[in-house]
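Chain by chain, the residues run as shown.
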Amino acid sequence: LTDEIDGMIHLSDISWEKTGEDAIQGFEKGQEIEAKIIDADIEKERISLGIKQLSEDNVSQALASLKKGDIVKVIVKDTDEKGVTVDVEGLTAYIKKADLSKEKSEQNPANYKEGDVLEAKITSVDKKNVKVGLSVKAMELDEEKKVLEEYSNQSSGSSLGDALGEALKKAN
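What you are looking at is a predicted structure, and each value in this text was computed from that prediction instead of being measured.

1. As for the overall build of the protein
Move 1: Scanning the protein from N- to C-terminus turns up four helices and eight strands.
Move 2: For the protein, the sequential pattern of α-helices and β-strands runs β-α-β-β-α-β-β-β-β-β-α-α.
Move 3: Looking at the protein residue by residue over its 172 residues, the buried ones come to 27%.
Move 4: Intrachain contacts of the protein at a sequence separation of at least 6 include 49% that bridge at least 24 residues.
Move 5: For the protein, the exposed area adds up to about 12200 Å²; of that, 47% sits on carbon and sulfur atoms.

2. What to know about the side chain of Asp13
Move 1: Inspection of the secondary structure puts Asp13 in the loop between strand 1 (8–9) and helix 1 (20–24).
Move 2: Nearest to the buried, unbridged Asp13 among oppositely charged side chains is Lys52, at 4.4 Å.

3. Concerning the pattern of salt bridges
Move 1: Scanning the entire structure with this criterion turns up five salt bridges.
Move 2: Here Lys73 makes a salt bridge to Glu119, at a shortest N to O gap of 3.5 Å. Separated by 46 residues along the polypeptide, Lys73 in strand 4 (residues 71–80) and Glu119 in strand 7 (residues 117–126) bring together distant segments of the chain.
Move 3: Owing to a relative accessible area of 37%, Glu119 belongs among the partly exposed residues under this scheme.

4. A closer look at the environment of Lys67
Move 1: Among the structural elements, Lys67 can be located in the loop between helix 2 (58–65) and strand 4.
Move 2: Its relative accessible area of 44% is what places Lys67 among the partly exposed residues.
Move 3: Considering only alpha carbons, one finds Lys67 and Lys121, 54 residues apart in sequence, at a separation of 9.6 Å.
Move 4: If sequence neighbours within four positions are ignored, Lys67 has contacts with Ile122 and Val125.
Move 5: Engagement of the side chain of Lys67 in a polar contact is seen with the backbone oxygen of Ala64, the distance being 2.5 Å.

Cut-offs applied
- Residues numbered from 1 in each chain as written.
- Predicted model: local features only at pLDDT ≥ 70, side-chain atom pairs only at ≥ 80, totals over all residues.
- Heavy atoms only, no water.
- Helix = DSSP H or I, 4+ residues; strand = E, 2+ residues; numbered from the N terminus.
- Buried < 20%, exposed > 50% of the residue type's maximum accessible area, 1.4 Å probe, protein only.
- Contact = heavy atoms within 4.5 Å.
- Areas by Shrake-Rupley, 256 points an atom, 1.4 Å probe, with all protein chains shown as cover.
- Lys, Arg positive; Asp, Glu negative; His and termini not counted.
- Salt bridge = Lys/Arg side-chain N within 4 Å of Asp/Glu carboxyl O.
- Polar contact = N/O pair within 3.5 Å; in protein donor to acceptor, adjacent residues only side chain to side chain.

Have a look at this one:
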């Protein structure tokens, strides 16, 4: 802070979005930065500082709006051979290849490109690690189950084969 006073910024106080070692990337020893004083312990001669406290916690706000089981629209940001990186409410999430569809033929990440909009089911929200689990496959299976339940309620006495045939007609 001055020639005589040092302060410390804990890794958890650098960024709302990034954690640990990812948060300190891009900073260099001797670099001048702006920070907020979080705590001053005169007895221990310690001053705690934070960078992230200078901005709003958009990450927590976004995570609070996301609930497990919700269906959300996501925008494809990038793809690789293992899945698709997407944006959901301003957060970055990842949909694994196996969760892209219930159909094996539709699970190829190469089928998707940047800017594509998908719907997916939220399978988990980890606020501590800022991770959102998403699955298109889970959403499709839920829709299929719902159609089957609706059909079975309408047609008691029908066989399972009849119900599946009708569900497939409605799904397509």
